[in-house]
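Results of the structural survey
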Amino acid sequence: MHSVFSRLLRKFPESAHTLRRTQTLTTVGLFLAIQMVLSSYGTIQVNDSLKISLAHLALAPTAMLFGPVAAALQGAMSDILGFLLKPTGPYFPGFTISAALGGVIYGLFFFESDRKLWQIVLARAVIMVLVNIMLNTLFLTMLYGPSQASLLPVRALKNAMQFPIDCLLLTAVSRTTLPALTLPLLIPTGLLTFAEPLQTKAEGAGNSVSRRGLRTEPHRLHREAKLWFVREQSDT
């Protein structure tokens, strides 16, 4: 238990370290822009206190690539920018905290992990229960009055209905979209040089690995790119 807790805590300084690189900030800005688009066009606003959104699908890749600190920053910025661009009520800092906390939770589960199905399901469950149902209902009660507490069963039902859809979409992002995005994101930064030592190492072990083979194995490509990226950061 202690080793698991220590491993989770180590993700915060490692994630913060990635923010020192311009490439990280640029990529986070890209996913932030995608999140803002999803917030505007991928959201169904039922009323001022209830909405169905797919914007978290742009937050998860940041958590997967750069960890809890970067994802928390993107989450907080998306809430602030969302209020400035398309306000649906008065600004309340509690919702900014909720958005940042969602990024932290994703980062703790997804950063430097295999992102297995149980991790995706558990991460989404923690966010839905802790953030969406509990914290956001509390903040709505503080903002609009005790009458908002009566919406708790409705909010719980909405999250329960959306839960399997969210897990399915997050799995798709992790298994297909994210590996496919890794290659074009790394090309401008010169990080594809990781392919050379990988190919040399594989050939030395008696396995022929070509660049074409790497491109046709997105899971392997993404894993090797991330390991190379983290290793390079630790050396700077």
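Here, the structure is the one placed above.
Residues numbered from 1 in each chain as written. Predicted model: local features only at pLDDT ≥ 70, side-chain atom pairs only at ≥ 80, totals over all residues. Heavy atoms only, no water.

**Things to note about the packing of aromatic side chains**
Scanning the entire structure with this criterion turns up five aromatic pairs. Judged by centre distance (5.7 Å) and plane angle (65°), the rings of F92 and F95 are edge-to-face. We classify F92 as buried; its relative accessible area is 16%. Chaining the aromatic ring pairs together yields one cluster made of F92, F95 and F139. (Phe/Tyr/Trp six-rings, centres within 6.5 Å; stacked < 30°, edge-to-face > 60°. Buried < 20%, exposed > 50% of the residue type's maximum accessible area, 1.4 Å probe, protein only.)

**Here we look at the packing of helix α4 (residues 93–110) against helix α5 (residues 117–144)**
Between α4 and α5, the shortest axis-to-axis distance is 10 Å and the interhelical angle comes to 170°. Classified by the angle their axes make, α4 and α5 are roughly antiparallel. Here the contact of α4 with α5 is composed, by residue class, of 17 nonpolar, five polar and one charged. (Axes fitted to C-alpha atoms, helices over the stretch in contact; angles between N-to-C directions. Helix = DSSP H or I, 4+ residues; strand = E, 2+ residues; numbered from the N terminus. Parallel < 35°, antiparallel > 145°, perpendicular 65-115°, else oblique. Nonpolar A, V, L, I, M, F, W, Y, C, P; charged D, E, K, R; others polar.)

**Remarks on the packing of helix α2 (residues 22–41) against helix α3 (residues 56–85)**
For the pair α2 and α3, the least separation of the axes is 8 Å and the interaxial angle reads 50°. Taken together, the axes of α2 and α3 lie oblique to each other. When you trace α2 past α3, the crossing you get is right-handed. Class assignment for the residues of the contact of α2 with α3 results in 16 nonpolar, seven polar and no charged. (Left-handed = near helix turned anticlockwise from the far one by under 90°.)

**A word on the nonpolar core**
Grouped together as the largest cluster of nonpolar side chains are 16 residues, with contacts concentrated most on Y106, F110 and L170. Residue assignment for this core shows that the elements contributing at least two residues are α3, α4, α5 and α6 (152–186). With six residues, the single largest contributor to this core is α3. Dropping the residues within four chain positions of it, Y106 is found in contact with H56, L59, A60, A63, F111, A123, R124, I127 and L170. (Core = buried A, V, L, I, M, F, W, Y, C linked by side-chain atoms within 4.5 Å. Contact = heavy atoms within 4.5 Å.)

**With respect to a nonpolar patch on the surface**
Side chains of I80, L84, L85 and Y91 sit close together on the surface and give an oily, nonpolar patch of about 410 Å² of accessible area. Position of L85 among the secondary structure elements: in helix α3. (Patch = residues over 30% accessible without salt bridge, like charges linked within 9 Å, V, L, I, M, F, W, Y side chains within 5 Å. Areas by Shrake-Rupley, 256 points an atom, 1.4 Å probe, with all protein chains shown as cover. Salt bridge = Lys/Arg side-chain N within 4 Å of Asp/Glu carboxyl O.)

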